[in-house]
Amino acid sequence: MSVICQGNRLMGSFEQAAPEELLQAFREFQRLSDSLSQSYAQLQRQVGALTEELARSRESHRAETSARLRLAQRLRQLLDALPAGVVVVDGRGEVSECNPAAVTLLGEPLKGEQWVQVVQRVVSAGETSDCDLLLPGGRVVNVTTQALGEEPGQIVLLQDVTETRRLQQQLERHRRLAAMGEMASSLAHQVRTPLSAAVLQLSNLQSVAGDADKVGRYAEKAKQRLHHLERLIDEMLLFAGGGKVVDPELVPLDELLARIPEALAREEAFRVVLENRSPGLELRANREALASALLNLALNACQACNGSGSLSITVERKEPDRVAVSFRDDGPGIDAAHTERIFEPFFTTRAGGTGLGLAVVQAVVTAHGGEVRCHSVPGEGASFIVELPLSEERGR
Ligand SMILES: Nc1ncnc2c1ncn2[C@@H]1O[C@H](COP(=O)(O)OP(=O)(O)OP(=O)(O)O)[C@@H](O)[C@H]1O
Ligand SMILES: [Mg+2]
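Thresholds applied
What you see as residue numbers is a count from 1 along each chain, following the sequence as written. Labels are handed out in written order, letters beginning with A for the chains and numbers beginning with 1 for the ligands. Predicted model: local features are reported for residues with pLDDT of at least 70 only, side-chain atom pairs are reported and counted for 80 or more only, and whole-chain, interface and lining totals are derived from all residues. Only hydrogens and water are removed before side-chain values are computed, so all heavy atoms of the structure are retained for them. The helix count covers DSSP runs of H or I at least four residues long, the strand count covers runs of E at least two residues long, and both are numbered beginning at the N terminus. Every helix has an expected span of 1.5 Å times one less than the residues it contains. Only protein chains enter the area calculation, which uses a 1.4 Å probe; residues under 20% of their type maximum are buried, those over 50% are exposed, and those in between are partly exposed. Whether two residues are in contact is decided by their heavy atoms: any pair within 4.5 Å suffices. At least two bridges found by DSSP between two strands is the condition for calling them paired. What is meant by a nonpolar core is a set of buried Ala, Val, Leu, Ile, Met, Phe, Trp, Tyr and Cys residues, joined one to another through side-chain atoms within 4.5 Å. Domain ranges listed in this record stem from an automatic or a database domain assignment. Only rings of Phe, Tyr and Trp enter the pairing, Trp through its six-membered ring, and a pair is recorded when the two centres are within 6.5 Å. The plane angle decides the type: under 30 degrees is stacked, over 60 is edge-to-face, the rest tilted.

J.: Looking at this structure, I do not really get helix 6 (residues 212–240). What am I missing?
T.: Helical geometry: 3.6 residues make up each α-helical turn, so side chains three or four residues apart lie on a common side. Relative to the 42 Å expected for 29 residues at 1.5 Å per residue, helix 6 spans 41 Å between its end C-alpha atoms, a close match to the ideal helical length. Within the sequence span of helix 6, burial applies to Tyr 218, Ala 222, His 228, Leu 229, Leu 232, Glu 235 and Met 236. For helix 6, the secondary structure elements touched by its buried residues are helix 5 (162–207), helix 8 (287–304) and helix 10 (357–367).

Structure (structure tokens):
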């Protein structure tokens, strides 16, 4: 504007100005006018570029927003169609969101309710396990929770596992029946051998009635076979009653372990090294059942070593209230193909073995709330680790 005014002033004094000055003034005017036009054009280009950029950014923003909306819609549809119940509990413990499956499982009111109260309302029928809830209608629901990441609150996932649990129970029943059938036929086989041997020895006894020496020998053999039968039946009974501990009492672990070297004292070429890193621990147990289970592991080691080798027994307390007793021998170890089967009743690789030893060990240890594991590298011996809970009364 000022240039134009200046130009007007120049025009006003046109008549008085000398031609040279006039020309110069026009040139100046022209230069300023050109520069102005250039600036204007540049400004226009910039405005154009900015407008385009704005349009592009608006477009991408719109696309992003609609993609987000579509995603949210799809998630909503997915949640609505999900057969599992989903409940979102906010930082104040209130149900902020839930899908139709959750409403079907837990009933109304749900949204806006305190989650603790909803749980109290539905678990009135009882809790079947740590994560399974038995709902009033008889349905069993598995509950898992997950934190909401950075936000306070949690997502609760509810799965109707009524049918799964029913099938699992059915499968378990079938398994037990199959195992019982298998066991019955193995037992019949196991019992028949010592029984026919005893019958044979007794009929021999009749035929040598006058010979006191032979009578004594045959009677002794018959007695041995009958003892074997007795042991077999005792072990079967222990295995069959594996679900509970009979007559539990406070038992010092040291006392149970001290019996092992005593019992194997006759095996002169077999060395038992007892390393008790936590003496004085006590267990709540059936003394005889647990003592015989631990002795069984030592006997197996001795038998695997053919009576010549060594067994190291280590006791180590596991915090806070468990103890691990490990039996490590330097025998031949266990074939990889057999490790899966050694705890099965009647599985044996030993001539004269019944295959009940480890099955009984496992049943007894499990009944005491513990577990038994085996590690073995063939050719490098075997390790059996028994983990047991300590008594809550003492030994802590
Ligand atoms: N320490 C060990 N080293 C190598 N193999 C072992 C050891 N302990 C157990 N086994 C294997 O596991 C099998 C099953 O053991 P388990 O004690 O159940 O029965 P068993 O010793 O054969 O007979 P029994 O009923 O008389 O004890 C054994 O036959 C043997 O093959
Ligand atoms: Mg055995």
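J.: Is there a simple way to think about the pairing of strand 1 (residues 85–90) in this case?
T.: The two faces of a sheet get side chains in turn, since along a regular strand they alternate between them. Within strand 1, 6 of the 6 residues are buried, which leaves the element mostly enclosed by the surrounding structure. Of the two faces of strand 1, both are covered, the one formed by Gly 85, Val 87 and Val 89 as well as the one formed by Val 86, Val 88 and Asp 90. Strand direction decides the pairing type here: strand 1 and strand 5 (residues 153–160), joined by 6 bridges, are antiparallel. Bridging from a neighbouring strand, Val 86 pairs with Leu 157 of strand 5.

J.: Would you explain the nonpolar core in this entry?
T.: Side chains of nonpolar character tend, in soluble globular proteins, to be buried together. Residues Leu 283, Phe 327 and Phe 384 are the most contacted members of the largest nonpolar core, which totals 46 residues. Counting residues per element, the ones that place at least two in this core are helix 6, helix 7 (253–263), strand 8 (282–285), helix 8, strand 9 (309–318), strand 10 (322–329), helix 10 and strand 12 (382–389). Composition of this core by domain shows at least three residues from each of domain 3 (166–240) and domain 4 (249–389). Not counting residues up to four positions away in its chain, the partners in contact with Phe 384 are Leu 297, Val 325, Ser 326, Phe 327, Ile 334, Ile 342, Phe 343, Leu 358, Arg 373 and Cys 374. Formed by 17 residues, the second largest nonpolar core is a distinct cluster that contains Val 87, Ala 102, Val 118 and Val 143.

J.: Before we go on, may I ask you to explain the environment of Glu 282 in this structure?
T.: One can find Glu 282 in strand 8. Along the backbone, Glu 282 and Val 251 are 31 residues apart, and their C-alpha atoms lie at a distance of 5.5 Å.

J.: I'm lost on the packing of aromatic side chains in this one. Help?
T.: The geometry of two aromatic rings is summed up by the distance between their centres and the angle between their planes. For the structure shown, the criterion picks out 1 aromatic pair. When the centroid spacing of 6.3 Å and the interplanar angle of 75 degrees are considered together, the rings of Phe 343 and Phe 384 count as edge-to-face. In this pair, Phe 343 sits in the loop between helix 9 (336–339) and helix 10 while Phe 384 sits in strand 12, placing the two residues 41 residues apart along the sequence. With respect to burial, Phe 343 and Phe 384 carry one shared label: buried.

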